[in-house]
Amino acid sequence: MYNMKIGFIGLGVMGLPIASNLLRAGFELVAFDINQARIQELPMQEKVLAASAPQEVAVADVVILMLPNTPQVEEVVLGEKGLLENMSRKSLLIDMSSISPVATKKIAGQLAERGIDFLDAPVSGGQSGAINGTLTIMVGGKRDVFDRAQPIFQAVGKRIIYCGDHGSGQIVKVVNQLMSAVNLVGMAEAFTLGVKAGVAPEIMRDVILGGSGRCWALEDRMPVILERNFEPGFTIDLHTKDIKLALELGNELRVPIYASSLVHEVFKTLQIKGKGGKDNSAVITLYEEMAGVEVRKKQ
Ligand code: NAD
């Protein structure tokens, strides 16, 4: 069992609610974000110590990261005055960000040389899962370290699954993100076609929820599309990052990734059009613009 003080770096859409649930579960936090204002948004401020650099967070014997991508994780861990230099032996670093599985294995190796334990623990379940403490957490690393970290995972997630050695959590996450991107684009294309051909999208959704086209995109994202609410949520920029991680892995392992490459071009086009900061459900707007229709609820 670790101490009740946890270091937390990255208080964005996901990190802020996850850190809040840790506080509610009785943990104390040493928190850092380059956007210092985020620290003030945490509840129970009396249990929060605001840090002004990653090295100040290293006083805790468990540190959690929830950062955008590989370069930010490398910066806070390996950079000057980073966690690698400042965390003590036998302490634990948990990376809940979605980053490169290849970089993850390297980081785990460097930390091991210093006697620091490491778990990669990316999540799925989105902002609502983070707020409600119902995230799925996919964990890579040593089994005994995973077992010891259970009280922390239990405070923020519902399905906590051990996936194997270092990097395994990130590999499962990449696979999930690839599938979700492909079915999101598939749904956007198909629904734009159906609406252009003259059927109401709510009817199509009702029917297909009981058909072989049923998928997460239809269950979770179509309601957002019908309401025309494209504020994030999970941004096109972050989903594009995940698709790129899949492309990298496919190239490294020489595994063909046809659909992933096509879907990457669709997401890239949306970024070029200035929609990278929108929710990933906004993928459909690309198809809608070309078809001259909108997939929206009948007024
Ligand atoms: P976000 O951009 O909202 O939050 C990232 C936070 O990290 C920001 O507050 C930012 O200021 C901070 N930050 C960036 N660089 C930093 C640095 N060098 N040092 C300290 N703080 C720094 O992103 P998010 O949506 O919370 O996603 C975080 C991770 O979780 C990503 O890897 C994402 O792919 C993954 N994820 C997101 C969702 C989702 O629905 N948003 C779901 C599952 C997984």
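Sequence order as written defines residue numbering, which begins from 1 separately in each chain. Per-residue local features are limited, in this predicted model, to residues with pLDDT of at least 70; the limit for side-chain atom pairs, both in listing and counting, is 80 or more; totals at the level of whole chains, interfaces and linings are taken over all residues. Think of the side-chain values as coming from all heavy atoms in the structure, minus any hydrogens and water.

Turning our eyes to something else, we now look at the overall build of the protein. Going along the chain from the N terminus, every DSSP run of H or I of four or more residues is numbered as a helix, and every run of E of two or more is numbered as a strand. Looking only at helices and strands, the protein features 15 helices and nine strands. Only C-alpha atoms enter the radius of gyration, while the globule expectation follows 2.2 Å times N to the 0.38, with N the number of residues. In terms of C-alpha radius of gyration, the protein reaches 20 Å, essentially the compact-globule figure of 19 Å for 299 residues. The dimensions of the protein, computed from C-alpha atoms along their principal axes, are 65 × 45 × 35 Å. In this scheme, a residue with accessible area under 20% of its type's maximum is buried, one over 50% is exposed, and one in between is partly exposed, where area comes from a 1.4 Å probe on protein chains only. Here the protein, with 299 residues, has 53% of them falling under the buried criterion. Of the contacts formed within the protein by residues at least 6 apart in sequence, a portion of 65% connects residues at least 24 apart. Accessible surface area values rest on a Shrake-Rupley calculation with a 1.4 Å probe, where residue burial reflects the displayed protein chains alone. For the protein, the exposed surface amounts to about 13900 Å²; the carbon and sulfur share of it is 54%. We score Asp and Glu as negative and Lys and Arg as positive, and we do not count His or the chain ends. One atom stands in for each charge, and that atom is NZ of Lys, CZ of Arg, CG of Asp or CD of Glu. In the protein, 31 positive and 33 negative side-chain charges are present, and the distance between their average locations comes to 3 Å. Any pair of residues with heavy atoms lying within 4.5 Å of one another is described as a contacting pair.

With that settled, the discussion passes to the nonpolar core. Counting residues in each nonpolar core, the largest one holds 37 residues, and the members touching the most others are Ile18, Leu22, Leu42, Ile94, Met96, Ile137 and Phe153. Those elements giving two or more residues to this core turn out to be strand 1 (5-9), helix 1 (15-24), strand 2 (28-32), strand 4 (62-65), strand 5 (92-95), strand 8 (135-141), helix 8 (143-148) and helix 9 (150-156). Here the element with the most residues in this core is helix 1; it accounts for five residues. Once residues within four sequence positions are removed from consideration, Ile94 is found in contact with Val62, Val63, Ile64, Leu65, Leu119, Ala121, Ala149, Ile152 and Phe153. Residues Met204, Cys215, Phe230 and Ala282 belong to the second largest nonpolar core, which totals 29 residues. Note on terminology: a nonpolar core comprises buried Ala, Val, Leu, Ile, Met, Phe, Trp, Tyr and Cys residues joined through side-chain atoms within 4.5 Å.

We call a residue near a molecule or strand when any one of its heavy atoms sits within 4 Å of it. If you check the shell around the ligand, you find 26 residues, and the closest are Val13, Met14, Asp33, Pro68 and Lys241. Residues adjacent in sequence count toward polar contacts only when both atoms are side-chain atoms; beyond that, a polar contact is any pair of N or O atoms within 3.5 Å, and within protein one must be able to donate a hydrogen and the other to accept it. Between the ligand and the protein, one listed contact pairs an oxygen atom with a side-chain N or O atom of Asp33 at 2.6 Å. Between the ligand and Ile34 there is a distance of 3.3 Å, counted from a nitrogen atom to a backbone nitrogen or oxygen. When the ligand is considered free in solution it has 840 Å² of accessible area, and contact with the protein chains removes 88% of it.

Attention shifts here to the layout of surface pockets. Estimated volume of the largest pocket: approximately 1300 Å³. Lining the largest pocket are 49 residues, with Val13, Met14, Gly233, Phe234 and Leu238 sitting closest to its centre. The element that contributes the greatest number of residues to the lining of the largest pocket is helix 10 (residues 168-196), accounting for six residues. For this classification, the nonpolar set comprises Ala, Val, Leu, Ile, Met, Phe, Trp, Tyr, Cys and Pro, the charged set comprises Asp, Glu, Lys and Arg, and every other residue, Gly included, is treated as polar. Taken together, the residues of the lining of the largest pocket break down into 18 nonpolar, 21 polar and 10 charged. Only protein atoms enter the 1 Å grid used here, on which a cavity is any set of points holding a 1.4 Å probe that cannot leave and a pocket is any open set flanked by protein within 12 Å on both sides along at least five of seven lines; residues with an atom within 4 Å of a point are listed as lining. Grid points are joined across faces, edges and corners, and a volume is the space filled by probe spheres set on the points.

Looking now at the packing of helix 10 against helix 11 (residues 201-208). When two helices pack together, their arrangement is given by the angle between the helix axes and the distance between those axes. Where helix 10 meets helix 11, the axes come as close as 10 Å, and the angle between the chain directions of the two elements is 130 degrees. In terms of orientation, helix 10 lies oblique with respect to helix 11. In this structure, helix 10 crosses over helix 11, and the sense of that crossing is right-handed. Each of Phe191, Gly194 and Val195 in helix 10 lies in contact with helix 11, whose residues at this interface are Pro201, Met204, Arg205 and Ile208. When grouped by side-chain class, the residues that make up the contact of helix 10 with helix 11 number five nonpolar, one polar and one charged. Lines fitted to C-alpha atoms define the axes, with helix axes restricted to the stretch in contact, and inter-axis angles between N-to-C directions lie between 0 and 180 degrees. Angles are sorted into four bins: roughly parallel if under 35 degrees, roughly antiparallel if over 145, roughly perpendicular if 65 to 115, and oblique for all others. Note on convention: near helix rotated counterclockwise from far helix by under a right angle means a left-handed crossing. Clockwise means right-handed.

Looking now at the pattern of salt bridges. It is possible for side chains bearing opposite charge to pair when their charged atoms get close. What counts as a salt bridge is simple: a side-chain nitrogen of Lys or Arg found within 4 Å of a carboxyl oxygen of Asp or Glu. Scanning the entire structure with this criterion turns up 16 salt bridges. Between Asp220 and Arg221 there is a salt bridge, with the nearest N and O atoms lying 3.0 Å from each other. Assessed through its relative accessible area of 36%, Asp220 is described here as partly exposed. A salt bridge links Lys275 to Glu289; its shortest N-O distance comes to 2.9 Å. Of the two residues, Lys275 sits in the loop between helix 14 (258-272) and helix 15 (284-291) while Glu289 sits in helix 15, which places them 14 residues apart along the sequence.

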